[in-house]
Amino acid sequence: MKQDMIVILDMGGTNNTVLARQIRSLGVYSEIHPHDITVDEIHALENVKGIILNGGENRIVDGQAVDVRAELYESGYPMISVDHPTSRCEKQYENLPDDERLKEFVFGQCGAEPNWNMKNFVEDQAELIRRQVGGRKVLLALSGGVDSSVVAALLLKAIGQQLVCVHVNHGLMRKNESESVVEVFKNQLHANLVYVDATERFLGKLAGVADPEEKRKIIGGEFIRVFEEEARKLDGIDFLGQGTIYPDIIESGTKTAKMVKSHHNVGGLPEDLQFELVEPLKQLFKDEVRACGIELGLPAHMVYRQPFPGPGLGVRCLGAITRDRLEAVRESDAILREEFEKAGLDKKVWQYFTVVPDFKSVGMKNHERCFEYMVIVRAINTIDAMTADVEKVDWEVLDKITKRILEEVGNVNRVCYDMSPKPPATIEFE
Ligand code: XMP
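None of the values given here were measured: they were computed from a predicted structure. Residue positions within a chain follow its written sequence, with the count starting from 1. Whole-chain, interface and lining totals are the exception, using all residues; otherwise, since this is a predicted model, local features are given only for residues with pLDDT of at least 70 and side-chain atom pairs are given and counted only at 80 or more. Computation of side-chain values: all heavy atoms of the structure, hydrogens and water removed.

> When you look at the overall build of the protein chain in this model, what are you seeing that I'm missing?
A run of H or I in DSSP becomes a helix once it reaches four residues, and a run of E becomes a strand once it reaches two; helices and strands are each numbered from the N terminus. Counting its secondary structure elements, the protein chain contains 13 helices and 17 strands. Each radius of gyration reported is based on C-alpha atoms, and the globular scaling rule is 2.2 Å times the count of residues to the power 0.38. Taking 2.2 N^0.38 as the reference for a compact globule, 430 residues should give roughly 22 Å; the C-alpha atoms of the protein chain span a radius of gyration of 24 Å, in line with that estimate. Summarising its shape, the C-alpha atoms of the protein chain cover approximately 85 × 50 × 40 Å along the three principal directions. For the protein chain, the proportion of its 430 residues judged to be buried stands at 53%. Residue contacts follow a heavy-atom distance rule, with two residues in contact if any of their heavy atoms lie within 4.5 Å. Summarising the internal contacts of the protein chain: among those between residues at least 6 apart in sequence, 77% fall at separations of at least 24. The buried label goes to any residue with under 20% of its type's maximum accessible area, the exposed label to any with over 50%, and the partly exposed label to all in between, with areas taken from a 1.4 Å probe on protein chains only.

> I'm lost on the pattern of salt bridges in this one. Help?
Oppositely charged side chains are able to pair whenever their charged atoms sit close together. Any Lys or Arg side-chain nitrogen found within 4 Å of a carboxyl oxygen on Asp or Glu counts as a salt bridge. The tally for this structure, following the rule as stated, stands at 36 salt bridges. Residue Lys342 is joined to Glu339 by a salt bridge in which the shortest nitrogen-to-oxygen separation is 3.0 Å. Taken as a pair, Lys342 and Glu339 lie in helix α12 (residues 323-342) at a separation of three residues, close to a single helical turn. Here Lys342 falls in the exposed class, since its relative accessible area comes to 56%. For Glu339, the salt bridge goes to Lys400, with nearest N and O atoms at 3.1 Å. Remark: Lys400 occurs in helix α13 (residues 395-408) and Glu339 occurs in helix α12; sequence separation between them is 61 residues. Judged by relative accessible area, Lys400 falls into the partly exposed class, the value being 41%. Linked by salt bridges that have partners in common, Glu338, Glu339, Lys342, Lys400, Arg404 and Glu408 make up one network.

> Honestly, the side chain of Ser148 in this entry has me stumped. Any pointers?
Note that Ser148 resides in helix α6 (residues 146-159). The buried category is assigned to Ser148, whose relative accessible area is 10%. In this structure Ser148 touches Leu140, Ala141, Leu142 and Ser143, once residues within four positions along its chain are discounted.

> Looking at this structure, how should I read the sheet that holds strand β2 (residues 29-34)?
Consider a sheet: its strands pair through backbone hydrogen bonds, and that pairing is either parallel or antiparallel. Pairing is parallel in the open sheet, where five strands are placed in the order β2-β1-β3-β6-β7. The sheet terminates laterally at β2 and β7 (91-93), the two strands that pair on one side only. Each strand axis lies, on average, 25° off the axis of its neighbour in the sheet, ignoring direction. The rule for pairing is simple: two strands pair if DSSP sees at least two bridges between them. Bridge count for strand β1 (residues 5-10) against β2 is six bridges, and the pairing is parallel. Its bridge partner being in β2, Ile8 is matched across the sheet by Ile32. Every angle, taken between N-to-C directions, lies between 0 and 180 degrees, and every axis is a line fitted to C-alpha atoms, over only the stretch in contact when it is a helix.

> Would you explain the packing of aromatic side chains in this entry?
Within a pair of aromatic rings, the relevant descriptors are the distance that separates the centres and the angle that separates the planes. For Phe, Tyr and Trp, rings pair up if their centres lie within 6.5 Å, where Trp contributes its six-membered ring, and each pair is then called stacked (planes under 30 degrees apart), edge-to-face (over 60) or tilted (otherwise). In total, this model carries five aromatic pairs according to the counting rule given. Ring centres 5.6 Å apart and planes at 55° place the aromatic pair Tyr246 and Phe285 in the tilted group. One end of the pair, Tyr246, is in the loop between β11 (237-241) and β12 (276-278); the other, Phe285, is in the loop between β12 and α10 (286-295), and 39 residues separate them in sequence. For the pair formed by Tyr246 and Phe285, the shared burial category is buried.

Take a look at the structure:
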């Protein structure tokens, strides 16, 4: 292994990630592990230079005050504790230590080297993947999102043709998105990629379904079924690659975080189709995943792609999905993306998209009365998607987008700009 590591043990903290990022900002890799890790498991991580017990403000896991295994205190690793009262660590802090104190521990007491960078991370992970997988095969659902694309590129580097990617086009992708997945992974990187066009199947199941959560359930459930069918056609697969990243792993102190909408990932595969997981990005934060993608040579448009919900355009074609409105969402979204890129807004705005409601309004086209759909444009900025503000898009840019949508998109006679922050509005409409 090329990188030294400081291990943070989660003693109920809500700020483990803050601490991990603080250590990584010193150039030293840091991972968060559960408090009940064994010494053997720590040895197996290799290159562990020191351990921090972090109680954070909670100091409690599942309602219980916890401690690490006694053997850990005897293990000889340099150890400090933060908000976890124990007489068995050399130093104890009541709050997260500042950079100076942390440096003293990391570089002084632990003797760690500042050798955390993406090149070393990629090489270490490739080595770990090869050790885990050996000569066997890994299956990966490649959606084209940042996380699955980066995992695909990393697995490809590590095990080449032992990786089988499956891309399910549910017909709710943005314009040219599935094509781009095929172009990059099949044509350029020569990955073993199975492309499944399941558009008709998804649209058939969704016909007449207007309730958003019901739509999500259908899309998520059908996705698993299509993926499962493809998996059954393949022989000798033992592993499932997943683009789990650190923010997907909930800290013990935030277990009660409320879920407003059901988000779907590939999970829920049937019992007889259980695989061992390969999750090489599970210790990375989003910006680090992007840096990893760039290190692996993925194109910037894939790595800096804005967030896109799993149910795709399905939750932007409001109410029961119809093909004409789905096309209107797809085409208007493509125009919006093109114009935002020209105006440099794609690098500034966090998420931007169009929505087509399921009602019509009166308009005039070629001196005649028409009754057609409207396109709503939304552009928002946020840090954590919990609250969001509307981007003050330049009037001329909005004017150009409006003109193009009215000219180029069929069945549309009106364009609106959504001015609502979150809360009270959510980012998506459904
Ligand atoms: P809301 O609408 O809840 O969105 O304010 C917050 C963020 O989550 C995305 N989103 C989803 N992502 N599956 C996903 O993978 C979903 O069902 C889903 N619904 C919303 C949304 O695009 C925004 O970035």
